[in-house]
Amino acid sequence: MTIDYTWWKDASIYQIWPASYKDSNGDGIGDIPGIISELDYIKDLGVDIIWLSPMYKSPMEDMGYDISDYEDINPDFGTLQDMQDLIDGCHTRGLKIICDLVVNHTSSEHEWFKESRSSLDNPKRDWYIWKKPKYDAEGNRQPPNNWMSYFSGSAWEYDETTGEYYLRLFAKGQPDLNWENETCRKAIYDSALKFWLDRGVDGFRIDVAGLYSKDQSFADAPIVFKDSIYQPSGHLTANGPRIHEFHQEMNKEVVSKYDVMTVGEICHCSKEETLKYVGATRNELNMLFIFDVVEVGCDESDRFRYNGWKLTDFKKAIQSQSEFTKGTDAWSTVFIENHDQPRSVTRFGNDKKYHNKSGKLLAMLETSLTGTLFIYQGQEIGMTNVPRSWSIEEYKDINTVNYYNDFKAKYGNDPDFKEKEEKLLDVINLMARDNARSPVQWSAAKYSGFSTAEPWMRVNDNYTEINVESQLKDPNSLLKFYQKMLKIRKQYKDLFIYGGLNILDYDNEQLFTYTKELPNSKSPKAYVVLNMSNESTKFTPLIDGDFKLIVSNVNNDELDEAVLTPYEGRIYLVN
Ligand code: GLC
Ligand code: CA
């Protein structure tokens, strides 16, 4: 079999969330010069590409995913010149850099929206999605339909100026752009894409890339949550009728003219649909993120409706994340963290008793899976979720804050409110996006070496034990192990990056065992066995052959061939 090696397939990508990476000027907010000061650290980690979450001008209602000017930088993060220095600083080190492309919506502070809302006949009126109110039997004004915002409540916002509602699937200040309007699409291409590609950016992570094409009926969504007035808009907004046409157009008009990569955030979709986005000959996206793994145990439309998961659920999710490409020319991604997800060592490992060991186990899992690899800042040192003891006031994310306030408005007067609230706070502590957004723990110094002033979000209490400085000195640290695993992934890239996944012993709720191999190949296979539990268990090889251990997360002198201790993982080469 001939392998289609491509730079963006081989790449390991490191995601940076600018507000929390590193503060260079002592205002408590991470910034671009701070990132530049750590480029050598990032290079030494062994990654190839940086994905920078939004650094654009923004009122920060949704931490920069509400952009008021695509062609400028949030002054808290730096200047256009700083951004150019970052791009150049990456390139001189042989790193590439991709930006977040947020074009499902803008901020309501964007000039386009200000014009659009100013009058019914403004030339940009149709650049956003405006609808007349509905009136109920009592004559009360109501939103045009029952769609729910991803950040709670109605997805429609009433605007006094013209007496109409605009659609905003996310925050109030994030009006959805109207992709049906061709002039609007062309303006997006010029301002949000070309502007940055011409400055040397190597591609984009495309925000909610499946939501641009709304079903033009704007019909009510089916009732999924009986306890809620508003309902997830589901297929009426996700993977809609013209979505592939839009992606093909954006690719043809802009992306294809540069040697760059794209990865789309697609959330949830069927295997057939997935292949439409990332089939090589479709010319839409290079790869995508689906949420099966990171949302295991959660309701697809609401992560705070959480039911827990078994290892078999996790295996199934891993399978659907990577296996859809088998036998096709499509490409996949591997990720277990990002700025919208809790910390993996808390969620999938054991962040207390086996912090170092289960962190390493997850590193072995991720670096041995098929597709382009993504690592989120702080994952490399095993940053954990924030403590359960923190009060709700420490959570800053609009998603968490709105959800909690909504819940309180609804159940605040119930006699068992306290009990209900504690349960919700458990889930918030486990699943909230805030968990990923606490400042990076650089050292044991005050404010974790992130800043000299009090940071915009509280530093996780465990920074004196878990930090970059101490892990750089410790040969047995998780950070050193990540560096090693990223090398091993490249060394055996035919198996790990390009090889197909075969899960063995699927029903086992303690061990995750799989092989990685190229189809019809005579070369050795990789055999991966991961004990994802707090108990020891017997180890017996499940296939024939000559087993040679290439890496494990326990020291050689502690290794007992026949027993896998809690969270022990091994990768063998089998001939
Ligand atoms: C994506 C981003 C998330 C943001 C949302 C709206 O899901 O990852 O952080 O809140 O889109 O832009
Ligand atoms: Ca700063």
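Residues numbered from 1 in each chain as written. Chains lettered and ligands numbered in written order. Predicted model: local features only at pLDDT ≥ 70, side-chain atom pairs only at ≥ 80, totals over all residues. Heavy atoms only, no water.

Where an unreviewed UniProt entry is consulted, the chain appears under the name Alpha-glucosidase, with the organism given as Candida maltosa. The Sequence similarities (unreviewed entry) field of the UniProt record for the chain holds the comment "Belongs to the glycosyl hydrolase 13 family." (UniProt positions renumbered as here; feature names shortened; annotations may be inferred.)

Let's shift gears to the site of ligand 1. The local shell around ligand 1 holds 14 residues, among which Asp62, Asp207, Glu265, His339 and Asp340 are the closest. Separating an oxygen atom of ligand 1 from a side-chain N or O atom of His105 is a distance of 2.9 Å. Residue Glu265 places a side-chain N or O atom 2.9 Å away from an oxygen atom belonging to ligand 1. Compared with its free state, where it exposes 310 Å², ligand 1 has 96% of that area covered by protein. Class assignment for the residues of the shell around ligand 1 results in four nonpolar, three polar and seven charged. (Near = heavy atom within 4 Å. Polar contact = N/O pair within 3.5 Å; in protein donor to acceptor, adjacent residues only side chain to side chain. Areas by Shrake-Rupley, 256 points an atom, 1.4 Å probe, with all protein chains shown as cover. Nonpolar A, V, L, I, M, F, W, Y, C, P; charged D, E, K, R; others polar.)

A cluster of acidic residues, Asp313, Asp505, Asp507 and Glu509, forms a negative patch on the protein surface. Relative to the helices and strands, Glu509 is located in the loop between strand 18 (500-504) and strand 19 (511-517). (Patch = residues over 30% accessible without salt bridge, like charges linked within 9 Å, V, L, I, M, F, W, Y side chains within 5 Å. Salt bridge = Lys/Arg side-chain N within 4 Å of Asp/Glu carboxyl O. Lys, Arg positive; Asp, Glu negative; His and termini not counted. Charge placed at Lys NZ, Arg CZ, Asp CG, Glu CD. Helix = DSSP H or I, 4+ residues; strand = E, 2+ residues; numbered from the N terminus.)

What follows deals with the sheet that holds strand 10 (residues 164-167). With antiparallel pairing, the three strands of this open sheet are ordered in space as 6-10-9. The sheet is open, and its two borders are formed by strand 6 (130-131) and strand 9 (156-159), each paired with just one other strand. (Pairing = 2+ DSSP bridges.)

Reference values for angles at a metal are 109.5 degrees in the four-donor tetrahedral case and 90 or 180 degrees in the six-donor octahedral case. Around the calcium ion (ligand 2), the protein contributes the donor atoms Asp23 (OD), Asn25 (OD1), Asp27 (OD), Ile29 (O) and Asp31 (OD), which lie 2.3 Å from the metal centre. The sequence pattern describing where the donors of the calcium ion (ligand 2) fall on their chain is D-x1-N-x1-D-x1-I-x1-D. You can call Asp23 buried: its relative accessible area is 8%. (Donors = N, O, S within 2.8 Å, 3.2 Å for Na, K, Ca; no water. Buried < 20%, exposed > 50% of the residue type's maximum accessible area, 1.4 Å probe, protein only.)

Look at the UniProt record and you will see "domain: Glycosyl hydrolase family 13 catalytic" (unreviewed entry) annotated at residues 15-437. The span residues 15-437 shows a helical share of 31% and a strand share of 15%, and its end C-alpha atoms are spaced 12 Å apart.

Okay, the side chain of Thr162 next. Of note, Thr162 is situated in the loop between strand 9 and strand 10. Take Thr162: its relative accessible area is 18%, and that puts it in the buried class. The contact partners of Thr162, leaving out residues within four places of it in the chain, are Arg117, Ser118, Ser119, Leu120, Arg125 and Trp130. (Contact = heavy atoms within 4.5 Å.)

Going through the model one piece at a time under the given rule, you end up with 41 salt bridges. For Asp4, the salt bridge identified is with Lys9, shortest N-O distance 3.3 Å. On the accessibility criterion, Asp4 (52% relative accessible area) is exposed. Residue Glu517 is joined to Lys525 by a salt bridge in which the shortest nitrogen-to-oxygen separation is 3.9 Å. Of the residues examined, Glu517 reaches a relative accessible area of 23% and is grouped as partly exposed. Salt bridges sharing common partners tie together Asp62, Asp340, Asp397, Arg433 and Arg437.

Let us look at the side chain of Thr237. In this fold, Thr237 is placed in the loop between strand 11 (203-206) and helix 8 (243-253). Looking at Thr237, the relative accessible area reads 0%, which means it is buried. Not counting residues within four places of it along the chain, the set of residues in contact with Thr237 comprises Trp147, Leu169, Gly210, Leu211, Ser213 and Lys214.

Moving on: helix 16 (residues 478-491). The end-to-end C-alpha separation of helix 16 is 20 Å, in line with the 20 Å expected for 14 residues at 1.5 Å each. By the burial criterion, the buried members of helix 16 are Leu478, Leu479, Phe481, Tyr482, Gln483, Met485, Leu486, Ile488 and Arg489. (Expected span 1.5 Å × (residues − 1).)

Looking now at the pairing of strand 12 (residues 261-267). Each regular strand displays side chains that alternate between the two surfaces of the sheet. Summarising burial for strand 12: six of the seven residues are buried, a large majority. Where strand 11 meets strand 12, four bridges bridge the pair, whose relative direction is parallel. Bridging across to strand 12, Phe204 finds its partner in Thr262. As a crossover connection, the stretch from strand 11 through helix 8 into strand 12 is right-handed. Both strand 12 and strand 13 (residues 287-290) contribute to a ladder of four bridges, which runs parallel. If you follow Gly264 over to strand 13, its bridge partner there is Leu288. Handedness of the crossover joining strand 12 and strand 13 through helix 9 (residues 271-278): right-handed. (Right-handed = clockwise from strand over helix to strand, strands pointing away.)

Pairing in this open sheet of eight strands is parallel, and the strands run 13-12-11-5-2-1-17-16 from one edge to the other. Looking along the sheet, the strands with just one partner apiece sit at the ends: strand 13 and strand 16 (333-334). Where strand 1 (residues 12-16) lies against strand 17 (residues 372-376), four bridges are found, and the strand directions are parallel. Looking at strand 17, one finds that Gln15 is bridged to Tyr376. Lying on the sheet, helix 7 (residues 182-197) is in contact with strand 5 (96-101) and strand 11; it crosses strand 11 at an angle near 145°. (Axes fitted to C-alpha atoms, helices over the stretch in contact; angles between N-to-C directions.)

Our next topic: the layout of surface pockets. Space inside the second largest pocket adds up to approximately 790 Å³. As for the second largest pocket, its lining consists of 39 residues, of which Lys9, Thr328, Asp329, Ala330 and Trp331 are closest to the centre. At the level of elements, helix 1 (7-10), helix 10 (311-323) and strand 18 are the ones that each hand at least two residues to the lining of the second largest pocket. Looking at the lining of the second largest pocket, the element that brings in the most residues is strand 18, giving three residues. Among the residues making up the lining of the second largest pocket, the classes are represented as 15 nonpolar, 16 polar and eight charged. Here the lining of the second largest pocket gathers at least three residues from each of two domains, domain 1 (7-106 + 182-479) and domain 3 (500-574). (1 Å grid on protein atoms, 1.4 Å probe; cavity = no way out; pocket = protein on both sides within 12 Å on 5 of 7 lines; lining within 4 Å. Points joined across faces, edges and corners; volume = space filled by probe spheres on them. Domains from an automatic or database assignment.)

A few words now on the nonpolar core. Counting 119 residues, the largest nonpolar core has Met83 and Leu193 as its most contacted members. Element by element, the count of residues in this core is highest for helix 7, at nine residues. Discounting residues that sit within four places of it in the chain, Leu193 has contacts with Leu101, Ile188, Phe204, Met250, Val254 and Val255. Counting 19 residues, the second largest nonpolar core, distinct from the first, contains Trp8, Phe335, Phe374 and Ile497. (Core = buried A, V, L, I, M, F, W, Y, C linked by side-chain atoms within 4.5 Å.)

According to the domain assignment, the chain contains domain 1 (7-106 + 182-479), domain 2 (111-167) and domain 3 (500-574). One C-alpha centre belongs to domain 1, the other to domain 2; they are set 29 Å apart. On the domain 2 side, the residues contacting the 31 residues of domain 1 number 20 residues. Summing both partners gives a buried area of about 2,100 Å² for domain 1 against domain 2, and 65% of it is carried by carbon and sulfur. Grouping the constituent residues of the side of domain 1 that touches domain 2 by class yields 15 nonpolar, ten polar and six charged. (Buried area = accessible area lost by both parts, 1.4 Å probe.)

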